[in-house]
Amino acid sequence: MNVLLLGSGGREHALAWKMSASPLLTKLYASPGNPGIGRVGELVKLDVADHSAVASFCQEKKIDLVVVGPEGPLVAGIADDLRAWGIRVFGPSKAAARLEGSKGFTKDLCARFNIPTAAYGRFGDLASAKAYVEKTGAPIVIKADGLAAGKGVTVAMTLGEAVAALEACFDGSFGAAGAEVVVEEYLTGEEASFFCLCDGATALPFGTAQDHKRVGDGDTGPNTGGMGAYSPAPVMTPEMTERTMREIIEPTMRGMANIGAPFAGVLFAGLMITDQGPKLIEYNTRFGDPECQVLMMRLKDDLLVLLNAAVDGQLAHMSIRWSDAAALTVVMAARGYPGTPEKGSVIRGLDKAEGEGVQVFHAGTAINGGALVANGGRVLNVTALGKTVSEAQAKAYAAVDRIDWPQGFCRRDIGWQAVAREKAGT
Ligand code: AMP
Ligand code: GLY
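Residues numbered from 1 in each chain as written. Chains lettered and ligands numbered in written order. Predicted model: local features only at pLDDT ≥ 70, side-chain atom pairs only at ≥ 80, totals over all residues. Heavy atoms only, no water.

Draft legend 1. Structural detail: the packing of helix α6 (residues 103–112) against helix α9 (residues 238–258). Packing of α6 against α9 leaves a shortest axis separation of 10 Å and a crossing angle of 105°. Regarding the angle of α6 to α9, the classification is roughly perpendicular. Only Thr252, Gly255, Met256 and Asn258 of α9 make contact with α6, whose side of the interface consists of Phe105, Leu109 and Arg112. Looking at the contact of α6 with α9 residue by residue, the class counts come to three nonpolar, three polar and one charged. (Axes fitted to C-alpha atoms, helices over the stretch in contact; angles between N-to-C directions. Helix = DSSP H or I, 4+ residues; strand = E, 2+ residues; numbered from the N terminus. Parallel < 35°, antiparallel > 145°, perpendicular 65-115°, else oblique. Contact = heavy atoms within 4.5 Å. Nonpolar A, V, L, I, M, F, W, Y, C, P; charged D, E, K, R; others polar.)

Draft legend 2. Main features of the sheet that holds strand β5 (residues 89–90). Reading across the sheet, the five strands line up as β3-β2-β1-β4-β5 and stay open at both edges, with parallel pairing between neighbours. With partners counted over all chains shown, the strands left at the sheet margins are β3 (42–43) and β5, one partner each. Each of β1 (2–7), β2 (27–32) and β4 (65–68) touches helix α1 (residues 10–19); the most contacted strand, β1, lies at about 165° to it. (Pairing = 2+ DSSP bridges.)

Draft legend 3. Up close: the pairing of strand β21 (residues 378–386). Taken across its nine residues, β21 has eight buried, putting it largely inside the fold. Sheet analysis places strand β17 (residues 326–334) next to β21, joined by eight bridges and oriented antiparallel. Within β21, the position partnered with Ala326 by the bridge is Gly386. Relative to β21, strand β18 (residues 358–362) is paired through five bridges, and the arrangement is antiparallel. In the sheet register, Val358 faces β21, and the bridge partner there is Ala384. (Buried < 20%, exposed > 50% of the residue type's maximum accessible area, 1.4 Å probe, protein only.)

Draft legend 4. Just the packing of helix α7 (residues 126–136) against helix α8 (residues 159–170), in detail. Relative to each other, α7 and α8 sit at 165°, their axes nearing to 10 Å. Here α7 lies roughly antiparallel to α8, going by the angle between them. The way α7 lies across α8 gives a crossing that is right-handed. The residues of α8 that touch α7, namely those facing Leu126, Ala129, Lys130, Val133 and Glu134, are Leu159, Ala162, Val163, Leu166, Glu167 and Phe170. Here the residues of the contact of α7 with α8 sort into eight nonpolar, no polar and three charged. (Left-handed = near helix turned anticlockwise from the far one by under 90°.)

Draft legend 5. Representation of the site of ligand 1. Around ligand 1 sit 15 residues, and of these Glu184, Glu185, Leu187, Glu191 and Glu282 come closest. Within the contact set of ligand 1, an oxygen atom lies 2.4 Å away from a side-chain nitrogen or oxygen of Glu191. For ligand 1, an oxygen atom lies 3.1 Å from a polar atom in the side chain of Lys213. Taken by itself ligand 1 offers 480 Å² of open surface, and the protein chains cover 89% of this. Only β7 (140–144), β8 (153–156), β9 (181–185) and β16 (277–284) provide two or more residues apiece to the shell around ligand 1. In terms of residue class, the shell around ligand 1 is made up of eight nonpolar, no polar and seven charged. (Near = heavy atom within 4 Å. Polar contact = N/O pair within 3.5 Å; in protein donor to acceptor, adjacent residues only side chain to side chain. Areas by Shrake-Rupley, 256 points an atom, 1.4 Å probe, with all protein chains shown as cover.)

Draft legend 6. Looking closely at α6. For α6, the tally of buried residues reaches seven of 10 residues, placing the bulk of the element in the interior. Lys103, Gly104, Phe105, Thr106, Lys107, Leu109 and Cys110 are the residues of α6 that are buried. A positive backbone phi angle near 55° is found at Asn114, which sits one or two residues after α6.

Draft legend 7. Region of interest: the side chain of Thr383. Within the secondary structure layout, Thr383 lies in strand β21. Exposure remark for Thr383: the relative accessible area of 0% places this residue in the buried category. In contact with Thr383, other than residues within four places in its own chain, are Gln293, Val294, Met297, Leu328, Thr329, Gly357, Val358, Gln359 and Phe361.

Here it is, written out as structure tokens:
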């Protein structure tokens, strides 16, 4: 089959790498892609916001499947528009992508279908939001309703921070995304990312991971898109997975079908494992980045077979096999990230870093004058498999140390919770 992959990050490189191993693949195109993806496919320049232009390209190149990496095009309705042209797409409709595109939509769905999540209120103006926050007290969580590139959430430990976050939202700091606000109860527990492949009716568990959102060691400093991840998440025991499916995922699938927006694609549940069990923090409607990188390392099955089954409504007949190994990825970022990253510094030695069970995925790279250079905040995802998380961690950092890129940095403690657990033998 001919496949068009949309996106340019490490998530998309991992998907491209895995799809390129499929005997079903004839030719992979990626737009815009990145130099790593360019090793396994042809990079093409398409205006992803112009859905008719994407559709014309698909017709011309006889594309059998479009795989959408990031949330932006999904929330903008690219899957619906391509399907209207008769093109097969892996990814949810615009109506189903509201699970990521509107936090208020998801909270209302949870309330209506009894899905465990933090107590909340939805507000369209500062005065009523402030009154609610003052009545409830801190700690409390303030969220811009719409897509805000991961920056729209403030976990406010004091009332002052909460009010400042509300003011930022209603002052337009997040544009239209902040015109409405969700205010949420502060949950405590251990976080985990839980993925399902969905075909509108069936949700099939598709692995677990834990990521590290803060930029600094010991989970300190500002939030980022994710500085590293590992899979599986030890907190997601078979019992916790079963409860999550029964209490959260399955009611969501039924609820979405019930409101006429059946969900197909990747459902990524951000969970808080509380004393009372799993609670939904948020949904994303695509793979996590960098969580996807660790999932692809562990997936034994043919990704294209699974994506086709999701598109064709055949997931009820499928099962998924995973490697018993742990996978861990370390994000190497350009100096300045998550503020303004320095661009253009030369990266060398990737060939020395890769080897048996070690893959370096490109996340923000470019070719300049024949040299590989940094071209974004998160630049490389150095990813390794090991019998344990500790072993995967050691292999990933050994690979990091073989990369010659003085202007890059990474956290040195990715996987620390799991490594501590392994050391304690629990
Ligand atoms: P999000 O951008 O929605 O993934 O949220 C970013 C982070 O904020 C999450 O990964 C959690 O660590 C934290 N967070 C979000 N909602 C809550 C909540 N209700 N209680 C505690 N922490 C939260
Ligand atoms: N790593 C978190 C995300 O992809 O949203």
